[in-house]
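Each chain is listed here by its residues.
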There are 4 protein chains.
Amino acid sequence: MLRFLTAGESHGRCMIAILEGMPAGLKIDLKEMNIELKRRQLGYGRGDRMKIEGDNVDILCGVKNGMTLGSPIGLYVKNSDFRIDDLITLTNPRPGHADLVGCLKYGHEDIRNVLERASARETVSRVAVGAVCKLFLEEFGISVLSEVLAIGGEKNKEKMNKKIDQARKNLDTVGGIFSLTAVGVPPGLGSYVAADRRLNARLAGVLSSIPAIKAVEFGLGTGYASAFGRAVHDAIYYSKDKGFYRKTNNAGGIEGGMSNGEPIVVRCTMKPIATVGKPLDSVDIVTKKSTKAAVERYDTCAVAAAGVVAESVMAFELSNAMVEKFGGDSMNEVKRNYKAYVKGIKT
Amino acid sequence: MLRFLTAGESHGRCMIAILEGMPAGLKIDLKEMNIELKRRQLGYGRGDRMKIEGDNVDILCGVKNGMTLGSPIGLYVKNSDFRIDDLITLTNPRPGHADLVGCLKYGHEDIRNVLERASARETVSRVAVGAVCKLFLEEFGISVLSEVLAIGGEKNKEKMNKKIDQARKNLDTVGGIFSLTAVGVPPGLGSYVAADRRLNARLAGVLSSIPAIKAVEFGLGTGYASAFGRAVHDAIYYSKDKGFYRKTNNAGGIEGGMSNGEPIVVRCTMKPIATVGKPLDSVDIVTKKSTKAAVERYDTCAVAAAGVVAESVMAFELSNAMVEKFGGDSMNEVKRNYKAYVKGIKT
Amino acid sequence: MLRFLTAGESHGRCMIAILEGMPAGLKIDLKEMNIELKRRQLGYGRGDRMKIEGDNVDILCGVKNGMTLGSPIGLYVKNSDFRIDDLITLTNPRPGHADLVGCLKYGHEDIRNVLERASARETVSRVAVGAVCKLFLEEFGISVLSEVLAIGGEKNKEKMNKKIDQARKNLDTVGGIFSLTAVGVPPGLGSYVAADRRLNARLAGVLSSIPAIKAVEFGLGTGYASAFGRAVHDAIYYSKDKGFYRKTNNAGGIEGGMSNGEPIVVRCTMKPIATVGKPLDSVDIVTKKSTKAAVERYDTCAVAAAGVVAESVMAFELSNAMVEKFGGDSMNEVKRNYKAYVKGIKT
Amino acid sequence: MLRFLTAGESHGRCMIAILEGMPAGLKIDLKEMNIELKRRQLGYGRGDRMKIEGDNVDILCGVKNGMTLGSPIGLYVKNSDFRIDDLITLTNPRPGHADLVGCLKYGHEDIRNVLERASARETVSRVAVGAVCKLFLEEFGISVLSEVLAIGGEKNKEKMNKKIDQARKNLDTVGGIFSLTAVGVPPGLGSYVAADRRLNARLAGVLSSIPAIKAVEFGLGTGYASAFGRAVHDAIYYSKDKGFYRKTNNAGGIEGGMSNGEPIVVRCTMKPIATVGKPLDSVDIVTKKSTKAAVERYDTCAVAAAGVVAESVMAFELSNAMVEKFGGDSMNEVKRNYKAYVKGIKT
């Protein structure tokens, strides 16, 4: 079992994470990890915060001479914009954000006490965790990649950017869709035997935990709703070389709650960022009087970044499923078990 | 914390569940519970199995004189079609089902060893669990209801049925969409502080764990992808009567990973059932020769039934979130804590 | 990961359990399982209930033609003395039992609502679960056995029985000690990397969860308190045949939170049963007036039975640690991974 | 639910922890927290490391202007002796330590890769976590305190120190016993309804997870083994002032897996530290030749320190049980629920 916890506020000292359960003997490539953090900061439509933060991860623990020890891995990313104790109180919650409910739930009278943690900056920690997991998956030839499919309804790159420009000009934000593809996943991760072992359920869970994700689809996704079964189920074939394989992949690589060996393909819809420059109607949580919502620094569009976060959480979940399926406490042991299985199911 | 485990094979003796963590002092209405099981069996397009099984739940443990004791609740539904040890071996896996991968993963050479548990009959247990949870939620004025929105792309009841007739005639199956609405949920279930505490993440997880569900959308869902922020975020208002409220509910009742007091609205896409009467190409898992897939008894369309299962898993997850938020070991205690909170957030 | 839930009240219809995560392809020997249930009923000093209940386990699900499917296993033991809805209200809690606090916690006004689940009859479910786990461990040459070491301070079999006779005559009960030994456990189960991965912590947890267990000791146990380090730590030796080995086993087979390959040896102290025939002072929970505690059917001494329960929970925990360490979904796969590891650590 | 993860190697950069689930609005007193860390470093018989490390905790996240936010709390303690990447390889494992098995399990060929995490320095993180939990418990009038009862078999303070002097002179180490008492715990934490909800099982688990703890006893503990029931069970009394109460506390404050309102009293036996100055027989893990075990800096006796660690893990577990029982996301809410319950059970 792999597990992690994260901590950190947007304007606190740092974003941190502890990743527990990673086998010993995994080579840690810090440069590759930082590329992931960098990728999270990019994308057309990002706001000013991204110029302030040049995210770099420090590995605090769990690694010795560049190799994992099997002990928990401590990850640390500094916040340049550190001034949490000096922030001015805010009482006008933003529609679409955690502000209002967060205050009700936790008894806060300053929405900063909510938004500091509810901020998407929290995903830095998850990308750091995912970056370690990507290194783990790489050892098995598994890779996870995201791609922006649409912004504001447009699927053409130039038109997408125009939508973003339009939103920015209107002090507005805009939503979109990205896809997520995992290649090289062996058949048999996840299971149908219990609801919470289903790989797609776990992936849907972690993907929906990314701020602003409002829809998750596997393979054909919503397209299945208007289809007949014979037209969409992926017929099964076999060859000595490939073992069992498919000519289509409508299922998105998952059948019966398990990876089936085909690429895992997911599509996520991201709503427009909740902070908008020309604010919506709101209510002061203390005086209860009508007001306009707070305006914090914001991204006009962060679909590309959300895609990178999604890669990270998927990388974690797949790594977790690998460790569960193959056991093992060292990379050698996990690999040995993995290879024996993969060899076995071809024959 | 509430938790449950289920067990049972499609042609085994029974489907069972243990639900642990339910507070003491909840009145159990067996009749209402059996209505849920009955509702799961209905819907235009169901197959013959539904005529065989007249599902009724027996409460084996955890209830005394019609009240929960606080101890684990044992639930039992008999299978009329019990003959698991006499089933004939099958080696031709159905595309879209767990058959093939299940055999690879668990080392089976008979796909029956997979399909008996991978069968949607397993959801009987979950509906039984959900039926208890619905009784629990009722005590707080919370209800969960599903509705079929579309079948085979059609949204009109008559046209839906025609699609099902067409599928049946072609020995085929057909997919669809249902919505799920939870009314009466207080603001503040779930949280943004950790990824796995987000209510929408948990709901997406459990809804995706229902067999054949391939997409889950909250509120506007995929519609968010083509929207600007100012047009879709739900402005915040306040009145002495209602407390904070919204005039729109695009968010589907969840902001920042928490219920916001508006109805929770989710939409699920179900793929066509994987078993089809005119079978697709497959491969014999033993001989590796081309063949046609197995044909088991099947439903032409089970979207309505999946909606009932979805109500059940959502009822469980909301109950769990209630118990987590309000603590308490007896209904009196949970209610007392709940009322004090609800009163507090209005003022 | 293996997990289980149990349910059942002492005078309810049955005691049940669901065991989830057991690999496929394990041969189930029902006769051996029932021997475990029978062993739990024996021991000098047992009460009348044991004459009423001839415990036999029914396997409701998860097994087909005598082999585990990989799906959850449902276990059922009938209660002959089934009359839960007709029991007369009791309001005089027994000191040492869950009666009083259970009523405060769950808001009950009848201690029966507590004692029906708090009864040691609940351990029937755990023995049934443990019996499956013992079959699993057997496949790896691992066995777990308990032995009564002392009753009422006496270590000689005859004197032990006399203590029990004395207690019975005085309408009293008597405590004792049993040991628990697991042989054949490979080195490396559990871990030091996180507190909750330590094997001894897990074992101490599950052993302490057995009713009436008040002390758990590993190896020398409390004897370590008066020892110097050089005298008690188990020096390390090596031979080609045995690999690493020890000439002493003061550590009780666990170092650094991990099995070290030597027998795991634990000692548990059981308090005298809380129900006594000549009852102690108590208070009526409704009237708050002084009274004598309730007298239910009781065992004068159940140390031998507790040992069998302890074997069961230890068998579960070791099986869980095996599945975690070696992964695998079928017995073949677990064994393949296990053998490769065991071979590897010898060289 | 409260949870935490820790990370950190003995000679790594730092020891860290993330504590998740702590309610909002708890005042953090850093000075009190550092007193706990300091207490962990004291006690007669400590080694040189304690002179090097002047442990002080930094709160990285989760706290704003001295109050918890409800978000995860990041805790950081610097290691002064930071040189993990420059340590010389060691291949001679210490009997009684994790060295040998850790290498077998994780495939290490340098016992440093094990001992850096298996070191008792890891408990710094747990004391930091426990220090937050103590602040939480204080708000409910709950305190946890440890006391050294015996060293090397001696119970008199002067004789204890002599035992330690004797051990030090002989380049040896010595074990002992400490007690742990929690005062102010309300009745009803934990439960009998499921094995893993029993408070004593949870406490036995976390206490056994402290390095070198080999026995855990509740109340009379092993003393119960030679007792008759009528002589040791704590009769129940009632007064308007106190509610239900006892005149004796042999049960150590726990009946039926639940706190009963009396002080929780536990006794732990600590084995002598495994590192000894005059090393025991060992085997080189690479050459397999006989050798003497490694000698690292060590404590002659750390029973007092282990007591402080035990207070910490107990404080965590009790806080967790409080949060579970009373729910709530802010201190105000937890307290409101707590007070209503406590008031209710008196009448």
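### Observations concerning the overall build of chain A
When you go through chain A residue by residue, the secondary structure sums to 10 helices and 16 strands. Structurally, chain A occupies a C-alpha span of about 70 × 55 × 40 Å along its principal axes. When the 347 residues of chain A are sorted by exposure, 70% land in the buried category. Summarising the internal contacts of chain A: among those between residues at least 6 apart in sequence, 71% fall at separations of at least 24. With an accessible surface of roughly 11,200 Å², chain A has 51% of that area assigned to carbon and sulfur atoms.

### Considerations on the pattern of salt bridges
Per the counting criterion, the structure on display carries 108 salt bridges over all chains. A salt bridge links C:Lys335 to C:Glu139; the nearest nitrogen and oxygen atoms lie 2.5 Å apart. One end of the pair, C:Lys335, is in helix H10 (residues 331-346); the other, C:Glu139, is in the loop between helix H5 (123-138) and strand S7 (143-151), with 196 residues separating them in the sequence. C:Lys335 sits in the partly exposed class, given a relative accessible area of 22%. Residue class for C:Glu139 comes out partly exposed when judged on its relative accessible area of 36%. When the shortest N-O distance is used, the salt bridge between D:Glu255 and D:Arg246 registers 2.6 Å. Linked through salt bridges whose partners overlap, the residues forming this network are A:Arg3, A:Glu20, C:Asp196, C:Arg197, C:Arg202 and C:Glu324.

### Regarding the sheet that holds strand S14 (residues 264-270) of chain A
Whenever strands of a sheet pair, they do so through backbone hydrogen bonds, lying parallel or antiparallel. Strand order in this open sheet of 8 strands is S7(A)-S8(A)-S14(A)-S9(A)-S9(B)-S14(B)-S8(B)-S7(B), and the pairing throughout is antiparallel. At either margin of the open sheet sits one strand with a lone partner, and together these are strand S7 (143-151) of chain A together with strand S7 (143-151) of chain B. Taking each pair of neighbouring strands and ignoring which way they run, the sheet shows an average axis angle of 20°. With 5 bridges connecting them, strand S9 (residues 213-218) of chain B and strand S14 (residues 264-270) of chain B associate as antiparallel partners. Bridging across to S14(B), B:Ile213 finds its partner in B:Met270. Docked against the sheet, helix H7 (residues 199-208) of chain A engages strand S8 (176-183), strand S9 (213-218) and S14 of chain A together with S9 of chain B, running at close to 155° with respect to S9(A).

### Focus: the interface of chain B and chain A
Across the contact, 96 residues belong to chain B and 97 residues belong to chain A. Carbon and sulfur atoms make up 64% of the area that chain B and chain A hide from each other, which totals about 7,700 Å². Taken as a group, B:Tyr192, B:Lys214 and B:Arg230 account for 11% of the area that chain B buries against chain A, more than any other trio of residues on that side. Across the chain B-chain A interface, the total number found is 0 salt bridges. Taken together, chain B and chain A are joined by 44 residue pairs in polar contact (both at pLDDT 80 or more). Across 3 bridges, the pairing between S9(A) and S9(B) is antiparallel. Bridging from a neighbouring strand, A:Glu217 pairs with B:Ala215 of S9(B).

### Thoughts on the environment of D:Asp234
Relative to the assigned elements, D:Asp234 resides in the loop between helix H8 (229-232) and strand S10 (236-239). Looking at D:Asp234, the relative accessible area reads 2%, which means it is buried. Sequence-wise, D:Asp234 and D:Asn170 are 64 residues apart; in three dimensions their C-alpha atoms are separated by 45 Å. When near neighbours in sequence (up to four residues on either side) are disregarded, D:Asp234 contacts C:Pro95, D:Arg246, D:Thr248, D:Asn249, D:Asn250 and D:Ala251. For D:Asp234, the side chain forms a polar contact with the main-chain nitrogen of D:Asn250, separated by 2.9 Å.

### A few points about the relation of the copies chain B and chain A
Rotating chain B by 180° about the axis while translating it 0.0 Å along that axis superimposes it on chain A, leaving an RMSD of 0.0 Å. Both chain copies can therefore be described as sitting about a two-fold axis. Within chain B, B:Gly205 has its C-alpha nearest the rotation axis, a separation of 2.1 Å. Most of the interface of chain B is mirrored in chain A: 100% of its interface residues are interface residues there too.

### A closer look at the interface of chain A and chain C
Across the contact, 22 residues belong to chain A and 22 residues belong to chain C. Buried area between chain A and chain C, both sides added, is near 1,700 Å², and the carbon and sulfur share of it is 35%. Interface area lost by chain A to chain C is led by A:Val193, A:Arg197 and A:Lys325, which between them contribute 26%. Applying the counting rule to chain A against chain C returns 8 salt bridges. Of the charged contacts in the structure, one is a salt bridge between C:Glu333 and A:Lys325, with a shortest N-O distance of 2.8 Å. For the interface between chain A and chain C, the tally reads 12 residue pairs in polar contact (both at pLDDT 80 or more). Looking at the side of chain A that touches chain C, the elements that each hand over two or more residues are helix H9 (303-326) and helix H10 (331-346) of chain A.

### Observations regarding the relation of the copies chain A and chain C
Expressed as a screw operation, the relation of chain A to chain C combines 0.0 Å of axial shift with a rotation of 180°, fitting to an RMSD of 0.0 Å. Of all interface residues in chain A, 100% are interface residues in chain C too; the two copies therefore contact each other through one and the same surface.

### A word on the sheet that holds strand S9 (residues 213-218) of chain C
If you walk across this open sheet you meet the 8 strands as S7(C)-S8(C)-S14(C)-S9(C)-S9(D)-S14(D)-S8(D)-S7(D), and the pairing is antiparallel. What marks the edges here is a single partner per strand, and that holds for S7 of chain C together with strand S7 (143-151) of chain D. Each neighbouring strand pair of the sheet contributes to a mean axis angle of 20°, computed without reference to strand direction. Running at roughly 30° to strand S8 (residues 176-183) of chain D, helix H9 (residues 303-326) of chain D makes contact with S7, S8 and strand S14 (264-270) of chain D of the sheet.

### Considerations on helix H10 (residues 331-346) of chain D
Between the first and last C-alpha of H10(D) there are 23 Å, a value that for 16 residues agrees with the 22 Å anticipated at 1.5 Å per step. Looking at the packing, one finds that the buried side of H10(D) touches helix H3 (99-106) of chain A, helix H9 (303-326) and helix H10 (331-346) of chain B, helix H3 (99-106) of chain C together with helix H5 (123-138) and H9 of chain D.

### Details of the side chain of B:Thr275
All names here are of chain B. Position of Thr275 relative to the elements: it lies in the loop between S14 and strand S15 (281-283). For Thr275, a relative accessible area of 4% corresponds to the buried category. In contact with Thr275, other than residues within four places in its own chain, are Arg94, His97, Thr173, Ala294, Val295, Glu296 and Tyr298.

### Re the packing of helix H1 (residues 30-41) of chain C against H5(C)
All names here are of chain C. H5 packs onto H1 with a crossing angle of 135° between their chain directions and a minimal axis gap of 9 Å. As summarised for this structure, H1 and H5 are arranged oblique, according to the angle between their axes. In this structure, the crossing between H1 and H5 has a hand that is right-handed. Across from Glu32, Met33, Glu36, Leu37, Arg39 and Arg40 in H1, the residues of H5 making contact are Thr123, Val124, Val127, Ala128, Ala131, Val132, Lys134, Leu135 and Glu138. A class-by-class count of the residues in the contact of H1 with H5 yields 8 nonpolar, 1 polar and 6 charged.

### Regarding the packing of aromatic side chains
Applying the stated criterion across every chain, the model contains 32 aromatic pairs over all chains. Judged by centre distance (6.0 Å) and plane angle (40°), the rings of A:Tyr237 and A:Tyr245 are tilted. Pair check on accessibility: A:Tyr237 and A:Tyr245 agree, each one buried. Site record: aromatic cluster; members linked through ring pairs are A:Phe136, A:Phe140, A:Phe326, A:Tyr338 and A:Tyr341. For the cation-ring pair, D:Lys105 lies above D:Tyr106, with the distance from its terminal atom to the ring centre recorded as 5.6 Å.

### Quick notes on the pairing of S10(D)
All names here are of chain D. Relative to strand S11 (residues 243-246), S10 runs antiparallel, the two being bridged by 4 bridges. The residue of S11 that forms the bridge with Tyr238 is Phe244. A loop of 3 residues connects S10 with S11, the two strands running antiparallel in sequence.

### Some thoughts on the environment of D:Leu115
All names here are of chain D. Among the structural elements, Leu115 can be located in helix H4 (residues 112-118). The exposure class assigned to Leu115 is buried, which follows from its relative accessible area of 5%. On a C-alpha basis, the gap between Leu115 and Cys103 in space is 9.6 Å, while along the polypeptide they are 12 residues apart. Leu115 has contacts with Leu90, Arg94, Asp99 and Glu296, leaving out every residue within four places of it along the chain.

### What about helix H3 (residues 99-106) of chain D?
Residues and elements named next belong to chain D. Counted residue by residue, H3 has 8 buried out of 8 residues, so it is predominantly covered. Buried residues of H3: Asp99, Leu100, Val101, Gly102, Cys103, Leu104, Lys105 and Tyr106, and no others. Among the residues trailing H3, Gly107 stands out with phi positive, at a value near 70°.

### Quick word on unusual backbone geometry
Phi is positive for B:Leu171, which is not a glycine, with a value near 55°. Positionally, B:Leu171 belongs in the loop between helix H6 (157-169) and strand S8 (176-183).

### Considering the confidence of the model for chain A
Summary statistics for chain A give a mean pLDDT of 96 and a share of 100% for residues scoring 70 or more. As a predicted assembly, this complex carries a pTM of 0.98 together with an ipTM value of 0.98.

Conventions used here
Going along each chain's sequence as written, the residues are numbered from 1 onward. Chains carry letters from A onward and ligands carry numbers from 1 onward, assigned in written order. Reporting in this predicted model follows two pLDDT cut-offs: at least 70 for local features of residues, and 80 or more for side-chain atom pairs to be given and counted; totals over whole chains, interfaces and linings ignore these cut-offs and use all residues. Computation of side-chain values covers all heavy atoms of the structure but excludes hydrogens and water. Runs of H or I in DSSP of at least four residues are treated as helices and runs of E of at least two as strands, each being numbered from the N terminus. Exposed residues in this analysis have more than 50% of their type's maximum accessible area, buried residues have under 20%, and partly exposed residues fall in between, with area computed by a 1.4 Å probe over protein chains only. Working rule for contacts: check all heavy atoms of both residues, and any pair within 4.5 Å makes them a contact. Only the protein chains shown count as cover for residues, with accessible areas throughout obtained via the Shrake-Rupley method and a probe of 1.4 Å. Take a side-chain nitrogen of Lys or Arg and a carboxyl oxygen of Asp or Glu: if they are within 4 Å of each other, that pair is a salt bridge. Strands are labelled as partners when DSSP assigns at least two bridges between them. Orientation is described by axes fitted as lines to C-alpha atoms, over the contacting stretch for helices, and by angles from 0 to 180 degrees between their N-to-C directions. A simple way to read buried area is as the amount of 1.4 Å-probe accessible surface that goes missing from two parts once joined, with both sides added. Counted as a polar contact is a pair of N or O atoms within 3.5 Å, where, for protein atoms, one must be capable of donating a hydrogen and the other of accepting one, and residues adjacent in sequence contribute only when both atoms are in side chains. Alignment of copies: least-squares fit on C-alpha atoms of residues with pLDDT of at least 70 in both copies. The span one expects for a helix is its residue count, reduced by one, times 1.5 Å. Oblique is the label for any angle not covered by the other classes, which are roughly parallel (under 35 degrees), roughly antiparallel (over 145) and roughly perpendicular (65 to 115). Each helix crossing is assigned a hand: it is left-handed if the near helix lies turned anticlockwise from the far helix by less than a right angle, otherwise right-handed if that turn is clockwise. Each residue receives one of three labels: charged for Asp, Glu, Lys and Arg, nonpolar for Ala, Val, Leu, Ile, Met, Phe, Trp, Tyr, Cys and Pro, and polar for the others, Gly being one of them. The criterion for an aromatic pair is that two Phe, Tyr or Trp rings (for Trp, the six-membered ring) have centres within 6.5 Å, with stacked assigned to planes under 30 degrees apart, edge-to-face to planes over 60 apart and tilted to the rest. Either the NZ atom of lysine or the CZ atom of arginine qualifies as a charge over a ring when it sits within 6 Å of the ring centre and within 35 degrees of the ring normal. On a scale of 0 to 100, pLDDT captures the predictor's confidence in every residue.

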